[in-house]
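Spelled out, the chains give:
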Amino acid sequence: MPAPGTAAASIAQPAAGLGAGAFVVPVLTCIVAFVLVIGLIFLARYGLKFMEPYLLKGRQTPNLAVMESVAVDQRRRVSVIRYGQKKGLVLTGGGNDVFMGWVDDGNAAPSPAPLPGGQPAPGPAPHI
């Protein structure tokens, strides 16, 4: 075994400089990981298209639909909903949502809801 001060000891240790592989390997690793993530995103997209009928099976409501919706102001909307053969008016937004009643005809206004005592609510006040 040579002594620590001889030339043989300095030849056995590699140089501490960086080679070309120190830059190429991390860049290739990042590119491969990026391509892999993009590929998984596209596979998940097609997988969800395939699974959508099974995921939405429990949420199908063919009897309930929003027919029309009109903005009253910036917060509130009046919507005409259909449930089976009935149509109703719903006021949404603001402090709370209100079901205004069922509509019998396309031209008829909804009937006012009865008061808790069983008496019908008073109609609108006449304009003078």
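Residues numbered from 1 in each chain as written. Predicted model: local features only at pLDDT ≥ 70, side-chain atom pairs only at ≥ 80, totals over all residues. Heavy atoms only, no water.

Participant: So what exactly am I meant to see when it comes to the overall build of the chain here?
Facilitator: The number of helices and strands found in the chain is two helices and four strands. Each helix (α) and strand (β) of the chain, taken in turn from the N terminus, gives the series α-α-β-β-β-β. Out of the 128 residues in the chain, the part that is buried amounts to 6%. In the chain, 0% of the contacts between residues at least 6 apart in sequence involve partners at least 24 apart. Split by element, the accessible area of the chain, about 11,400 Å² in all, is 66% carbon and sulfur. (Helix = DSSP H or I, 4+ residues; strand = E, 2+ residues; numbered from the N terminus. Buried < 20%, exposed > 50% of the residue type's maximum accessible area, 1.4 Å probe, protein only. Contact = heavy atoms within 4.5 Å. Areas by Shrake-Rupley, 256 points an atom, 1.4 Å probe, with all protein chains shown as cover.)

Participant: So what exactly am I meant to see when it comes to the pairing of strand S2 (residues 77-83) here?
Facilitator: Looking along a regular strand, one sees side chains alternate from face to face of the sheet. Across seven bridges, the pairing between strand S1 (residues 64-71) and S2 is antiparallel. Bridged to Ala65 within S2 is Arg82. With seven bridges connecting them, S2 and strand S3 (residues 86-92) associate as antiparallel partners. Paired with Tyr83 across the two strands is Lys86, which belongs to S3. Two successive antiparallel strands, S2 and S3, enclose a turn made up of two residues, where Gly84 displays a positive phi of approximately 65°. (Pairing = 2+ DSSP bridges.)

Participant: Is there a simple way to explain the confidence of the model for the chain in this structure?
Facilitator: In low-pLDDT segments, the atomic positions of the prediction should not be examined closely. Of the residues in the chain, 62% have a pLDDT of 70 or more, and the chain-wide mean is 77. At the level of individual helices and strands, the chain shows its lowest average pLDDT in helix H1 (residues 7-12), which scores 52, and its highest in S3, which scores 93. (pLDDT = per-residue confidence, 0-100.)

Participant: Would you explain a nonpolar patch on the surface in this entry?
Facilitator: A contiguous nonpolar surface patch, about 1,200 Å² in accessible area, is contributed by Phe23, Val24, Val27, Leu28, Ile31, Phe34, Val35, Val37, Ile38, Ile41, Phe42 and Tyr46. Looking at where Val24 falls in the secondary structure, it is placed in helix H2 (residues 21-55). (Patch = residues over 30% accessible without salt bridge, like charges linked within 9 Å, V, L, I, M, F, W, Y side chains within 5 Å. Salt bridge = Lys/Arg side-chain N within 4 Å of Asp/Glu carboxyl O.)

Participant: Looking at this model, I keep getting lost on the sheet that holds S1. Mind explaining?
Facilitator: Consider a sheet: its strands pair through backbone hydrogen bonds, and that pairing is either parallel or antiparallel. Read from one edge to the other, the open sheet built from four strands follows the order S1-S2-S3-S4, with strand pairing classed as antiparallel. Strands with a single pairing partner mark the edges of an open sheet, and in this sheet they are S1 and strand S4 (98-103). Between one strand and the next, the sheet's axes are offset by a mean angle of 25°, whatever the strand orientation. (Axes fitted to C-alpha atoms, helices over the stretch in contact; angles between N-to-C directions.)

Participant: Can you help me understand the packing of aromatic side chains in this one?
Facilitator: Any aromatic ring pair is given by two values, namely how distant the centres are and how the planes are angled relative to each other. The full count for this structure, using the stated rule, is one aromatic pair. Between the aromatic rings of Phe99 and Trp102, the centroid separation amounts to 5.1 Å while the plane-to-plane angle is 65°, which identifies the pairing as edge-to-face. What makes Trp102 partly exposed here is its relative accessible area of 33%. Of note, Arg45 hangs over the ring of Tyr46, and the distance from its end group to the ring centre comes to 5.5 Å. Directly above the ring of Trp102 sits Lys86, whose terminal nitrogen or CZ lies 5.0 Å from the centroid. (Phe/Tyr/Trp six-rings, centres within 6.5 Å; stacked < 30°, edge-to-face > 60°. Lys NZ or Arg CZ within 6 Å of the ring centre and 35° of its normal.)

Participant: So what exactly am I meant to see when it comes to the pairing of S3 here?
Facilitator: With five bridges connecting them, S3 and S4 associate as antiparallel partners. Bridge pairing links Val90 to Phe99 in S4. Between S3 and S4, which pair antiparallel and follow one another directly, the connecting turn spans five residues, one of which, Gly93, has a positive phi of 95°.

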